Amino acid sequence: MEYQSVYRSWLSSSSLSEEDREELAAIEGDAKEIEYRFGAELEFGTAGMRGIIGCGTNMMNVYTVRRATQGLSEYVKSLGSRAMRRGVVISYDTRRKSAEFARSAAGVLAANGVAVRLFTAPHPVPMLSYAVRRLGAVAGIMITASHNPKEYNGYKVYGEDGAQMSPEATDVVVGFIEKITDYFSVKEAIGSSLVKKVPSSVDAGYFRKISKLTLSRKAVKKVGKNIKLVYTPVHGSGYVPVMTILKKLGIRVSVVKEQIEPDPNFSTVEVPNPEFKETLSKGIALAEKIQADVVFGTDPDADRLGVAIKNDKGEFVALSGNQVGILLLDYILTRLKEEDKLPKNGVVVKSFVTTGMAKAICDDFKVELMDVPVGFKFIGEKIKEFEATGANTFLFGFEESCGYLCGTEGSRDKDAVVASMLCAEMVCYYAFKQQTVYNRLMDIYAKYDYVLDRNVSIKFDGLNAMKEMNAVVDSLKIRKAEKFDVHNVVAVRDYSSSIRRLADGTEEVMNIPKTNAVYYELENGSFICVRPSGTEPKLKIYYSVRAKDEPSAERAFEKMKAAFEEFIK
C-alpha cells in the first residue's frame, strides 16, 4: 500500500527530527493511523491549510508548513523582483507550535530571496490584515486554526489588499505546492537579514485607524464609566488589542484572570469557540458576581466575537452570531442615519447562509444587501471591487459564525477587536437612551417578525470525509423538492453552477462565485441551505425560519428539520 511506503520513507529520512522519528515509530503497526497520516496530503484550499498537529503528509507540521511556504515563495517570485522586495508579513496566534511554524515560514521565504516582516509576539488576524496593507507587502501568512480544538493548527494566506488570498491566486499557489514531492528538500535561511520584525508603529496605526469607526462618542462619554463589561480572550491573542481599544474608548472592563495567559491547551474550556455559551461560562460567572452588563469572548486569533447579555429577567443569555450581526447592522445603520452620514450607495455584505433578517433591516433603511459564498474572503473581495469601481461604499459585513467587519480602516477580514469596540459602544448608546440591548433585539423582532437561525452539523470521519460530504450535496442537485412541512419551495439555488431554479422550472443565472452548496428558498422568507464545511469534516445544514414569534418559530423549525432530514436520508 502506497501510504505504507510513504510512511517508511519519512521514518527513514535523515531530515526528520528525533522527536518526529519517535512519534512515527510509536505508530508502527497501526495501519489505520498510518493511513490517516500518510494516505493523503493536507489540502491547501481557499482558506489555506488546517489540520491536526502531528507528523505526516496529512498533518500540520513543520514539513507541510515549509512545503506550503515554498509554493507561496514561488508565487511571489513569479510576480517579479519588486514583489520579492515588498515581501510577506507573518503573524501567529497562541496555539501549539504557532511560533515555530511562523519562524519556519519566514526562513523558507528568506531562503528564496523574499523579504519578510515577522511579528515577534502573537497578533490576531485583523492586525495581520492591516499590517499587510500598512507595510505594502505582497502577501501575508497567519498561523492559526481559528476556533478549532487544541489539537489543530493552520496556515492562512492573505493577498496584498489584506483580505484572504483570492481563489484565483490560491490556485496558482497550489500549483506550485503540488510540484514539490520531496517534503524534506525545502530549505530555510536561519538568521537571514531578509527577516525583520514588524515595527511597533503598525500596532499604533491600527488602533488609530479603527478608532475612527466609533459611532457614539457622546453616549460613551456620558455613560461609559458606569457600564460594566466582562471580557475573556480565552487564552488567545485578543487580550492586548481588545483591552487597548476598550481602554481608549473609556469603557470599564473586568477580565477573566484565569483565561488571560496564552495556553495552547485552552485548558479552561472544552473548545476555544466563542460561538458556544460554554466557552463564555467563566465570563458569565464573573459578570453575575459583579453585576456586569455584558460579556465578550474572542477566539485564539481574535477574528470572532461571542457576546452574552442580560435578558428581561436579568439572566445572561449567549447571543448567536446572527443575533449579534443584526444588532450591529441595526445599530450601525441607525447611527449613520441619525448623523446624516448614511451614503446613498452604501452596501452591506453577508454570506448567503447568514440570517434572512438582514434583508428586512436593509430594505427598511433602503440599503443594498449583497450575498456572497461562505468565507470572509468573499466579503474582502467585494471591498476590493467597491474600491476599484467607486460604485459602492462598504458599510458592514458579517457571517453567522461570529465574524463582523465595519468599514475598511483596519482589517479586510473579520475583526473581533473592532466588533468589541462597536458592541461596547452599542451597549452605551442604548443605556444612554435608557434601553437595554436585549430590549432592542426584541424591538427588532417585533418590527420585522421573529427569525430563528439554527445550524446542524453532521460529522464525517476518515480520509474520504470531504468526498463523501460533497457527494451528499451533489445528490440534492438532481432531486426535486416541493415543500418541507407546510413551507413550499419557491426556488432552489445551486451555487456550484450559479443557477437559481424557480418552482415553475424557470432558471436564472446568479452573479456569484461558485461553491458547492444547495439553498432552498421557502415561501415565507425562510430558507434551508446545505454545504460541506471548508475547514473541518462536517456537513452543515442551515435553517433560517421566519414566524410571528419565538415559540412559533421553534415549532416550525422542529417540523421543517424533521421533514428535511427525511428528505436527505
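Residues numbered from 1 in each chain as written. Predicted model: local features only at pLDDT ≥ 70, side-chain atom pairs only at ≥ 80, totals over all residues. Heavy atoms only, no water.

(A) Summary view of the overall build of the protein chain. Across its full length, the protein chain holds 19 helices and 23 strands. Its C-alpha atoms give the protein chain principal-axis dimensions of about 70 × 55 × 50 Å. Of the contacts formed within the protein chain by residues at least 6 apart in sequence, a portion of 68% connects residues at least 24 apart. Positive and negative side-chain charges in the protein chain, numbering 78 and 75 respectively, have mean positions lying 7 Å apart. (Helix = DSSP H or I, 4+ residues; strand = E, 2+ residues; numbered from the N terminus. Contact = heavy atoms within 4.5 Å. Lys, Arg positive; Asp, Glu negative; His and termini not counted. Charge placed at Lys NZ, Arg CZ, Asp CG, Glu CD.)

(B) Fine view of the sheet that holds strand 15 (residues 403-406). Taken in spatial order, the 4 strands make up an open sheet running 13-12-14-15, and their pairing is mixed. Of all the strands in the sheet, just strand 13 (368-372) and strand 15 have a single pairing partner and so form its edges. Within this sheet the neighbouring strands show an average axis-to-axis angle of 20°, counted without direction. Direction of pairing for strand 12 (residues 346-351) relative to strand 14 (residues 393-399): parallel, over a ladder of 5 bridges. Across the sheet, Val349 pairs through a bridge with Gly397, a residue of strand 14. Along the sheet, helix 13 (residues 321-338) contacts strand 12, strand 14 and strand 15; its crossing angle with strand 14, the most-contacted strand, is approximately 160°. (Pairing = 2+ DSSP bridges. Axes fitted to C-alpha atoms, helices over the stretch in contact; angles between N-to-C directions.)

(C) A look at unusual backbone geometry. Not every positive phi belongs to a glycine, and Lys97 is a case in point at roughly 70°. Tracing the sequence through the fold places Lys97 in the loop between strand 2 (88-92) and helix 6 (98-111). For Lys97, a relative accessible area of 24% translates into the label partly exposed. We note that His235 has phi near 70°; this positive angle belongs to a residue other than glycine. Here His235 shows up in the loop between strand 7 (228-232) and helix 11 (239-249). (Buried < 20%, exposed > 50% of the residue type's maximum accessible area, 1.4 Å probe, protein only.)

(D) Up close: the packing of aromatic side chains. Enumeration over the complete set of coordinates arrives at 26 aromatic pairs. Consider the rings of Phe484 and Phe567, whose centres lie 5.3 Å apart with planes at 80°: the pair is edge-to-face. Taken as a pair, Phe484 in strand 17 (residues 483-484) and Phe567 in helix 19 (residues 550-568) lie far apart in primary sequence, 83 residues in all. Judged by its relative accessible area of 1%, Phe484 is buried. Centre to centre, the rings of Tyr519 and Phe527 are 4.7 Å apart; their planes meet at 20°, and the pair counts as stacked. Of the two residues examined, Tyr519 and Phe527, each falls in the buried class. By the ring-pair criterion, three or more aromatic residues cluster together here, those being Tyr7, Trp10, Phe38, Tyr63, Tyr183 and Phe184. Directly above the ring of Phe557 sits Arg454, whose terminal nitrogen or CZ lies 5.4 Å from the centroid. (Phe/Tyr/Trp six-rings, centres within 6.5 Å; stacked < 30°, edge-to-face > 60°. Lys NZ or Arg CZ within 6 Å of the ring centre and 35° of its normal.)

(E) Main features of the pairing of strand 18 (residues 487-494). Sheet analysis places strand 17 next to strand 18, joined by 2 bridges and oriented antiparallel. When the bridges of strand 18 are listed, Lys483 appears paired with Asn488. The antiparallel pairing of strand 17 with strand 18 creates a hairpin that spans 2 residues between the two strands, and Asp485 there sits at a positive phi of about 60°. Relative to strand 21 (residues 518-522), strand 18 runs antiparallel, the two sharing 5 bridges. Each bridged residue has a counterpart across the sheet, and for Val492 the counterpart in strand 21 is Tyr520. In sequence, strand 18 turns back onto strand 19 (residues 499-502) through a hairpin of 4 residues, with Ser498 there showing a positive phi of about 55°.

(F) Representation of helix 9 (residues 200-211) within the structure. The terminal C-alpha atoms of helix 9, which comprises 12 residues, lie 17 Å apart, in line with the 16 Å expected from a rise of 1.5 Å per residue. Among the residues of helix 9, Val202, Gly205, Tyr206, Phe207, Ile210 and Ser211 are the ones counted as buried. (Expected span 1.5 Å × (residues − 1).)

(G) Spatial organisation of the environment of Gly51. On the secondary structure map, Gly51 appears in strand 1 (residues 49-52). The buried category is assigned to Gly51, whose relative accessible area is 5%. Once residues within four sequence positions are removed from consideration, Gly51 is found in contact with Leu42, Met60, Glu151, Tyr152 and Asn153.

(H) Spotlight on the pattern of salt bridges. Summed over the entire model, instances satisfying the criterion amount to 35 salt bridges. Between Lys350 and Asp371 there is a salt bridge; the shortest N-O distance is 3.0 Å. Of the two residues, Lys350 is situated in strand 12 and Asp371 in strand 13; the sequence distance between them amounts to 21 residues. For Lys350, a relative accessible area of 4% translates into the label buried. A salt bridge links Lys477 to Asp474, with the nearest nitrogen and oxygen atoms 2.8 Å apart. (Salt bridge = Lys/Arg side-chain N within 4 Å of Asp/Glu carboxyl O.)

(I) Quick look at the nonpolar core. By size, the foremost hydrophobic cluster in this structure holds 108 residues, and its most contacted members are Phe484, Tyr520 and Phe564. Top contributing element to this core by residue count: helix 16 (residues 416-432), with 13 residues. Those residues within four positions of Phe564 in sequence are excluded, and the remaining contacts are Phe484, Tyr520, Ile528, Val530, Ile541 and Tyr543. Formed by 47 residues, the second largest nonpolar core is a distinct cluster that contains Met49, Ala68, Val76 and Ala169. (Core = buried A, V, L, I, M, F, W, Y, C linked by side-chain atoms within 4.5 Å.)

(J) Up close: the sheet that holds strand 6 (residues 195-197). Within the open sheet, the 6 strands sit side by side as 1-5-4-2-3-6. Their pairing is mixed. The sheet is open, and its two borders are formed by strand 1 and strand 6, each paired with just one other strand. The sheet shows a mean angle of 20° between the axes of neighbouring strands, direction not considered. For strand 1 and strand 5 (residues 152-158), the ladder comprises 4 bridges, and the chain directions are antiparallel. Of the residues in strand 5, the one forming a bridge with Gly51 is Asn153.

All we've got here are geometric facts, nothing functional implied.
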